[in-house]
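# A closer look at the structure
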Amino acid sequence: MSSYREEGVRRVTAPDIAARKSQTPIVCLTAYTAPMAELLDPHCDLLLVGDSVGMVVHGLPNTVGVTLEMMILHGQAVMRGSRRAMVVIDMPFGSYEGSAEVAYANAARLMKETGAQAVKVEAGATIVDTIGYLVKRGIPVMGHVGLRPQAVLVDGGFKAKGRGADERARILQDAKATADAGAFAVVVEGVAEGLAREITQAIEAPTIGIGASAGCDGQILVTDDMLGLFDWTPKFVRRYADLRGEISRAVEAYAEDVRQRRFPGPAEIYFAKAV
Ligand code: KIV
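Anyway, here's the lowdown on the structure attached to this text.

Conventions we followed
- Residues numbered from 1 in each chain as written.
- Predicted model: local features only at pLDDT ≥ 70, side-chain atom pairs only at ≥ 80, totals over all residues.
- Heavy atoms only, no water.
- Axes fitted to C-alpha atoms, helices over the stretch in contact; angles between N-to-C directions.
- Helix = DSSP H or I, 4+ residues; strand = E, 2+ residues; numbered from the N terminus.
- Left-handed = near helix turned anticlockwise from the far one by under 90°.
- Contact = heavy atoms within 4.5 Å.
- Nonpolar A, V, L, I, M, F, W, Y, C, P; charged D, E, K, R; others polar.
- Buried < 20%, exposed > 50% of the residue type's maximum accessible area, 1.4 Å probe, protein only.
- Pairing = 2+ DSSP bridges.
- Patch = residues over 30% accessible without salt bridge, like charges linked within 9 Å, V, L, I, M, F, W, Y side chains within 5 Å.
- Areas by Shrake-Rupley, 256 points an atom, 1.4 Å probe, with all protein chains shown as cover.
- Salt bridge = Lys/Arg side-chain N within 4 Å of Asp/Glu carboxyl O.

### Some points on the packing of helix H4 (residues 68–81) against helix H5 (residues 100–114)
Helix packing geometry: the angle between the two helix axes and the distance between the axes. At a closest axis distance of 8 Å, the pairing of H4 and H5 adopts a crossing angle of 35°. H4 and H5 meet at a crossing whose hand is right-handed. Where H4 approaches H5, its residues Leu68, Glu69, Met71, Ile72, Gly75, Gln76 and Met79 are matched on the opposing element by Asn106, Arg109, Leu110, Glu113 and Thr114. Class assignment of the residues belonging to the contact of H4 with H5 gives a composition of 5 nonpolar, 4 polar and 3 charged.

### Considering the pairing of strand S6 (residues 185–189)
Most of S6 sits out of view: 5 of its 5 residues are buried. Neither face of S6 is exposed, since Ala185, Val187 and Glu189 on one face and Val186 and Val188 on the opposite face are all buried. Summarising the sheet, strand S5 (residues 141–146) and S6 pair through 5 bridges and their orientation is parallel. The residue bridging Gly146 from the neighbouring strand is Glu189, located in S6. Here S6 runs beside strand S7 (residues 207–210); their pairing, made up of 4 bridges, is parallel. Paired with Val186 across the two strands is Thr207, which belongs to S7.

### Some remarks on a nonpolar patch on the surface
A contiguous nonpolar patch, built from Tyr254, Val258 and Phe263 and spanning about 280 Å² of accessible area, is present on the exposed surface. Mapping Val258 onto the fold places it in helix H11 (residues 243–259). Owing to a relative accessible area of 38%, Val258 belongs among the partly exposed residues under this scheme.

### Some thoughts on the pattern of salt bridges
Following the criterion strictly, the structure yields 16 salt bridges and no others. A salt bridge links Glu69 to Arg109; its shortest N-O distance comes to 3.3 Å. Residue Glu69 is located in helix H4, and its partner Arg109 is located in helix H5; the two are separated by 40 residues in the primary sequence. Beyond isolated ion pairs, a larger network of salt bridges with shared partners links Asp155, Lys161, Glu167, Arg170 and Asp174.

Structure (structure tokens):
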């Protein structure tokens, strides 16, 4: 665990995030490893150990195969690498939908074994009672409405949401019910700008947008997407770097140096001590 206590560094808390409604936008990114968490921590209010780790790090086709054990390992790493940002950990598919009691046991395990300060659940109408159950028992919960990646098999793909009137009304209702149940913040993913603004105006909890316009109280992106680690990214991602290109160029140069016996050079080898 990080030693922020000794150094007088205070982590951002769930009430701090909740109090940022309609204030300066809340800066959030995903993190899965200690070194990346360390780089992001000074700049972010909140780091999400997203179940996107399954696709981004483990090469899974979607997030359905992500396990509690994977989330615990990555959550521990992110807590070790960060000191100041609030750390929220995703509850993976199958760990909270069955019953409020099962959700509580799994959320408590995630928090005890990682030290993360809150969990995130993808919130449809059926999960709202569970959110209330967790919050009443001391577990801060972040909701997630609109495009819900864990519903990919039911939806038949990752598709923008809320384009028709019925779906729009349902997502607005999901967001209101999630906030009313006590969620301290709500991620709004993959919805049209008008709906994101409507949700943001309708609920007391801050909204964190991803593919949901600047009408939200904060923004989140998958870090690896915005750093350009993939050759394809969704329309809503802005690439702030081309790490894929940088890494390819670096590895190509290394391979060429090894083949030409230019690496290692004199500065990169050990010499025996003179006797
Ligand atoms: O898993 C994840 O990374 C997420 C963000 C995209 C919000 O849920």
